[in-house]
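# Understanding the architecture of this molecule
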Amino acid sequence: MSKIITGTPVTSGLGKLFNSHGLAKKTVVLFDANTRKLYGDRILKTLDEEGFQWVELTVPAREASKSFNSAYRLYGNMIEADVDRSWNLLAVGGGVVGDLGGFIAASYYRGIPVIQLPTTLLAMTDSSIGGKVAINHPLGKNLIGFFHLPELVLIDPSYLKTLPEREIYSGMAEVVKYGFISDRAFLSFIDNHFSDIIALKEPFLTKAVKTSASIKAAVVKKDFRETGGLRATLNFGHTFAHGLEKLAEYRHIRHGEAVTIGMVCALFLSNRLGYLSEQSLEEGLAILGKFRFPRGVIRRRFLDIDSRLLLENMLSDKKKLDKKLRFVLLKNLGEAFLLEETIEDQEVLAAISRAQAFYSHLK
């Protein structure tokens, strides 16, 4: 499994760290335009000081960079730079760079090692850890990819200080998710210190990041290829979320924002089907009600959407099996499961409608 290292600065002693994990000091460093500007000079200077041979690549900071066209261009850059199978790839950024970098590493020379250096809360706690790497297709998100575990995940919470509040809230969705699916005590910690974590206060931030990363790593270790149903619980709220993202053309709503809304829908669905008590439902909604969205996002990207249209777009999600949607539900707060039985459309539509009513009331 991947070695997860947390610290500030996490790149201190990088050469020794690479050597101890059998990694050559020859690395392709993949940034997006934002992470190159914020961290590029510092990281590349560190690589020079540590005696690395490196090649720098940069992509635009947008979801559209997760495409065949981007990957094809980067393959060409690497070939022209004489990068061979003895090299590795260091992905510096959020989910887009992590997914794209992992996809390239998994496929270049039939696979080279990838090291993830996440710079967003969402990536630190979720996307950089599990080894699922992918690019998008116009017909769906993350449909084309590989299982390719990173050799190292290097987490430095101080990087989060450069992020706008919207990105912090977006990443917080995945943090809360871990409490919902597997750790009631962690969920209580989040509830009690929600504003502290959002404000990046220590030691609350580092505890939230470390606990989230450890839960994700433990689940992935037990069910790497999602064959036993355990890893699927990491997708709590995501079946709804991916429908929302598709309707927003993967541009107008953040992944974490869609997941937050999706978790509200999933809580209502869990309750409607008799798995989650009213008290637990109310406790869960109280936590999710603390999330803040940019003005107009909830209205345009959820409340104004017909529930049947959302359901139709959910059916393009890669989590469906035999053309049937699969839902992760809760039995209790901190206890999730993958429901194998088919759920009637009317139940899903009713859960969406109740979630829309919940957000209408908040506004």
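All of the points below concern the structure found in this document. This one's a predicted model, so the numbers in the text were calculated from it and none came from an experiment.

All right, on to the side chain of T27 then. Mapping T27 onto the fold places it in strand β2 (residues 26-32). Judged by its relative accessible area of 0%, T27 is buried. Beyond its immediate stretch of four places on either side in the chain, T27 contacts L47, F52, Q53, W54, V55, W87, N88, L89 and L90.

Consecutive side chains along a regular strand alternate between the two faces of the sheet. The sheet contact formed by strand β9 (residues 327-332) and strand β10 (residues 335-339) spans five bridges and is antiparallel. Within the sheet, the bridge partner assigned to L330 lies in β10 and is A336. Counting the residues between successive antiparallel strands, the hairpin from β9 to β10 contains two residues, one of them, G334, with a positive phi of roughly 95 degrees.

This part takes up the packing of helix α3 (residues 68-80) against helix α4 (residues 95-107). Interaxial distance between α3 and α4 falls to 11 Å at its minimum, and their mutual angle equals 55 degrees. For the element pair α3 / α4, the angle class is oblique. Between α3 and α4 lies a crossing whose hand is right-handed. Here F68, S70, A71, L74, Y75 and M78 of α3 come into contact with α4, specifically with L100, F103, I104 and S107. A class-by-class count of the residues in the contact of α3 with α4 yields eight nonpolar, two polar and no charged.

Attention shifts here to unusual backbone geometry. Of all residues except glycine, most have a negative phi; of all peptide bonds, most are trans. A cis amide bond, omega -5 degrees, links T8 with the succeeding residue P9. Inspection of the secondary structure assignment puts P9 in the loop between β1 (3-6) and α1 (14-20). In this model, E202 is joined to P203 through a cis peptide bond whose omega is 5 degrees. Its location among the elements puts P203 in the loop between α8 (194-198) and α9 (204-222). Not every positive phi belongs to a glycine, and D82 is a case in point at roughly 60 degrees. Here D82 lies in the loop between α3 and β4 (88-93). Located in the positive-phi region is E249, a residue other than glycine, with phi close to 60 degrees. Here E249 lies in the loop between α10 (238-247) and α11 (255-272).

Right, let's talk about the packing of aromatic side chains for a bit. Overall, the coordinates contain 18 aromatic pairs when judged by the stated rule. Ring centres of Y169 and F291 lie 6.2 Å apart, and the angle between their planes is 55 degrees; this geometry places the pair in the tilted category. With Y169 in helix α6 (residues 165-182) and F291 in the loop between α12 (278-288) and α13 (297-303), this residue pair connects regions lying 122 residues apart in the sequence. Residue class for Y169 comes out buried when judged on its relative accessible area of 12%. Pairing F180 with F236 gives two aromatic rings, centres 5.8 Å apart and planes at 55 degrees, and the pair type is tilted. You can see F180 sitting in helix α6 and its partner F236 sitting in the loop between α9 and α10, a full 56 residues away along the chain. A connected cluster of aromatic rings, assembled from ring pairs, spans F268, F293, F302, F358 and Y359. Residue placement shows K331 over the ring face of F337; its charged tip is 5.3 Å from the ring centre.

The biggest cluster of nonpolar side chains holds 102 residues, and the ones touching the most others in it are M172, V176, F180 and F302. In contact with M172, other than residues within four places in its own chain, are L121, I190, F194, I197, I198 and F291. One finds V59, I112, V114 and I135 within the second-largest nonpolar core, a separate group that totals 22 residues.

What follows covers the sheet that holds strand β8 (residues 152-155). What the six strands build is an open sheet, ordered β1-β8-β5-β4-β2-β3; its pairing is parallel. At either end of the open sheet lies a strand with only one pairing partner, and these are β1 and β3 (53-59). Neighbour to neighbour, the strand axes of the sheet diverge by 20 degrees on average, direction disregarded. α4 contacts β2, β3, β4 and β5 (114-118) of the sheet and is inclined by roughly 170 degrees relative to β4.

As a further point, take the pairing of β2. Of all the seven residues making up β2, six are buried; the element is thus mostly covered by neighbouring parts of the structure. Note that the unit made of β2, helix α2 (residues 33-49) and β3 has a crossover that is right-handed. With five bridges joining them, β2 and β4 adopt parallel strand pairing. Directly across from T27, in β4, lies its bridge partner N88.

This part takes up α10. In terms of burial, α10 is a largely internal element, eight of the 10 residues being buried. Positive backbone phi, at 60 degrees, marks E249, one or two positions downstream of α10.

Attention shifts here to the side chain of T260. Inspection of the secondary structure assignment puts T260 in helix α11. The class for T260 is buried, based on a relative accessible area of 0%. A distance of 2.8 Å separates the side chain of T260 from the backbone oxygen of G256, its partner in a polar contact. When sequence neighbours within four positions are dropped, the list of residues in contact with T260 reads A173, L288, F291, F293 and Y359.

Rules used in this analysis
Chains are numbered independently. Their residues run from 1 in the order of the written sequence. Given that the model is predicted, a residue must reach a pLDDT of at least 70 before its local features are reported, and side-chain atom pairs must reach 80 or more before they are shown or counted; all residues, however, enter totals for whole chains, interfaces and linings. Side-chain figures throughout are based on the complete set of non-hydrogen atoms in the structure, without hydrogens or water. What counts as a helix is a DSSP run of H or I of at least four residues, what counts as a strand is a run of E of at least two, and both are numbered from the N terminus. Residue exposure (1.4 Å probe, protein chains only): buried if accessible area is under 20% of the type maximum, exposed if over 50%, otherwise partly exposed. Note on definitions: a residue-residue contact is assigned when non-hydrogen atoms from the two residues lie within 4.5 Å. DSSP bridges decide pairing: two strands pair if at least two such bridges lie between them. A fitted line through C-alpha atoms serves as each axis, taken over the contacting stretch for helices, and the angle formed by two N-to-C directions is quoted from 0 to 180°. Should an angle fall under 35 degrees it is taken as roughly parallel, and over 145 as roughly antiparallel, whereas 65 to 115 is taken as roughly perpendicular and any remaining angle as oblique. Crossing handedness is read from the near helix: turned anticlockwise from the far helix by less than a right angle, it gives a left-handed crossing, and turned clockwise, a right-handed one. Three residue categories are used. Nonpolar comprises Ala, Val, Leu, Ile, Met, Phe, Trp, Tyr, Cys and Pro, charged comprises Asp, Glu, Lys and Arg, and polar comprises the others, including Gly. Planes of paired rings set the category: under 30 degrees apart is stacked, over 60 is edge-to-face and the rest tilted, where pairs are Phe, Tyr or Trp rings (Trp by its six-membered ring) whose centres lie within 6.5 Å. Only when the NZ atom of a Lys or the CZ atom of an Arg is both within 6 Å of the ring centre and within 35 degrees of the ring normal do we say a charge sits over the ring. Grouping buried Ala, Val, Leu, Ile, Met, Phe, Trp, Tyr and Cys residues that are joined through side-chain atoms within 4.5 Å yields what is termed a nonpolar core. Classification remark: right-handed applies to a crossover when, strands pointing away from the viewer, the course from the first strand over the helix to the second runs clockwise. The definition of a polar contact used here is a pair of N or O atoms within 3.5 Å, where within protein one atom must be able to donate a hydrogen and the other to accept one, and adjacent residues in sequence count solely through side-chain atom pairs.

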